[in-house]
Structure formats: structure tokens, C-alpha cells
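# An overview of the molecular structure
This is what each chain is made of:
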Amino acid sequence: MRSRLRRALELLDWLDEHGTALGELTQPALEMWLEEGTVERREVRALLTWARGRGLVGEIVVPRARIAAPSVFMTDEEQAEQLHRCLGDDSLPLDVRTAGALTLLFGLQHTKLLELTVRDVMDDNAMVALNLAGHRLPLPPEVARLVRAQRDQCQARWQLDQTASTTPWLFPGQEPARPLGATYLNLKLRRHGIAPRAGRNNARLVLATDLPASVLADFTGTSISNATRWTGYARRDWFDYIASRTQI
């Protein structure tokens, strides 16, 4: 909210400097103001929506920011090495190994990962799957072993601390009532040599070459629009692009 208010004040100050009333703001002038500043200026959309609803401005709109194509990747060798460490290096913390493996294999967003509870681990002793917003994600045996261990560890902790939390998070934070923070998880993975952003991009690109957007969205717990962009990237033969970057 504070950011939206700042953007509103920035636009009004800019109009003041140019001797222009809010009602005289045109689409070209608005787009020029947006291009001169940072992407945060697009948060002025809230002000203009409010003003347009009250007849204070004309039919002007804030264009959607162009979403940049992903540019951070790793080589197949780096991805395989980091995945092997997650699966087999007992010196790493269990939550790092589990979150790292799920990121490197399935490209899961950390915000989605941290919404999981121990009840989202579907285990019939023959196969382990994760419940991602109602969609079942089967896990390979080695990853299933990690997820089981993480579930059991957090289940035991939660049973000792139920008075402090009503939700048995799969990745609990320092405070039992809250899951681990996404920023903290990202830093923790990087501290132990796991590159979450590059690993997630690699995994999604590989999956997008084989899966339609609707299935990719269900499989990774991402939005259909995001999944559609990834299938588009894959069709443009990004493997050649990645290979060329590693040779620079």
C-alpha cells in the first residue's frame, strides 16, 4: 500500500512539474512517464483505476509489464551434480536436500513448496506423491525417501508443539505457527551450494519440452499463463541458447 501511495505521489508531482491536470493526462504521456522510471511505477494502476471510476481521467490504462525471458541456467552436469548431492550427501540439512531435490527435478516455486503440510505427503507404502493444490505429483523412489524423512521429522516436531501451531508444515520455520520463509530457504540452499533459480529454470525447460502447458501447470503447481510461456520457450529451442551461453 505504501508503494502504491508513493507511485501516486510521483505521478501527481510529475504532472505538477509539467503544468498538467490529472484530467488532462493522455495515454502517450502516461507511457512516457512509465518508461522513464522503474517497473514499480506500474503500481500507479491503482490510482488510475480509482480516478477513472470517478470520471477524473479518461480511458487510459497502465500497460502490463513485459515479462523477461529466463536467463539464469546451469549446465546439465551442474544440475546432475547438485541433484546427486541432495540425494546422497548426509552432511546437508534434510530440508535443504528435500527442497533442493524437488526444485531441481520439478521446478517447483518455493512459495508453493512452503505451502505444503505433512498431510500433503500421500504415502501408501508403495508410492509417495505430493498433493499440489489438488493435483497428485508422484515422486521417484530416492526423492520419496527424502520427503518421507522430512515428513516424519516435522510430524514428530509438530506433535511435541501442537499448542503453538495448528498446521503441521512440511517445511516449518523457527516459529512453529509459520512455515519457513521463501527468501530464507533460497539463501539456505545457496549457502549449501544449491542454485535454486537456475535449477528451477533448467527443470521447467526440460519438462516443457515434453508436457503441454495445462499438464505442466498442474505438475509444477504454477499458473497456466506461466506454463504457457515455458512451453513457448521450449519450442524456440532454448537448449541451443543455453549451450551457447556456457561456451562464452
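Residues numbered from 1 in each chain as written. Predicted model: local features only at pLDDT ≥ 70, side-chain atom pairs only at ≥ 80, totals over all residues. Heavy atoms only, no water.

A few words now on the sheet that holds strand β1 (residues 121–123). Spatially, the 3 strands line up as an open sheet ordered β1-β2-β3, and their pairing is antiparallel. Strands at the two margins of the open sheet, each flanked by one partner only, are β1 and β3 (135–138). On average, each strand axis in the sheet is inclined to that of its neighbour by 35°, with strand direction left out of account. (Pairing = 2+ DSSP bridges. Helix = DSSP H or I, 4+ residues; strand = E, 2+ residues; numbered from the N terminus. Axes fitted to C-alpha atoms, helices over the stretch in contact; angles between N-to-C directions.)

This next bit is on the nonpolar core. The biggest cluster of nonpolar side chains holds 34 residues, and the ones touching the most others in it are Leu102, Leu113, Leu130, Leu139 and Val147. Contributing elements (two or more residues each) for this core: α4 (76–88), α5 (94–106), β2 (128–132), α7 (141–160) and α8 (182–191). Here this core takes 7 residues from α5, the largest share from any one element. In this structure, valine 147 is in contact with Thr98, Leu102, Val121, Val128, Leu130 and Leu139, ignoring residues within four places of it in sequence. Membership of the second largest hydrophobic core comes to 17 residues, among which are Trp14, Ala29, Ala51 and Val57. (Core = buried A, V, L, I, M, F, W, Y, C linked by side-chain atoms within 4.5 Å. Buried < 20%, exposed > 50% of the residue type's maximum accessible area, 1.4 Å probe, protein only. Contact = heavy atoms within 4.5 Å.)

Attention shifts here to the packing of α4 against α5. Remark: α4 packs on α5, axes separated minimally by 8 Å, with the N-to-C direction vectors making an angle of 145°. Viewed along their axes, α4 and α5 form a crossing whose handedness is left-handed. For the pair α4 and α5, the contacting residues are Gln79, Gln82, Leu83, Arg85, Cys86, Leu87 and Gly88 in the first and Val96, Arg97, Gly100, Ala101, Leu104 and Leu105 in the second. (Left-handed = near helix turned anticlockwise from the far one by under 90°.)

On to the environment of arginine 200. By secondary structure assignment, the location of arginine 200 is in helix α9 (residues 196–210). Judged by relative accessible area, arginine 200 falls into the buried class, the value being 15%. Considered as a pair, arginine 200 and leucine 105 are 95 residues apart in the sequence and their alpha carbons are 7.8 Å apart. When sequence neighbours within four positions are dropped, the list of residues in contact with arginine 200 reads Thr103, Gly107, Leu108, Gln109 and His110.

We now examine α8. Those residues of α8 not exposed but buried are Leu185, Lys188 and Leu189. For α8, the angular spread of the buried residues around the axis is 100°, confining them to a single face. For α8, exposure combined with an orientation more than 90 degrees from the buried face picks out Thr183, Arg190 and Arg191. Against the buried residues of α8 lie α5, α6 (110–113) and α9. Positive backbone phi, approximately 85°, marks glycine 193, located one or two places after α8. (Arc of directions from axis to C-beta.)

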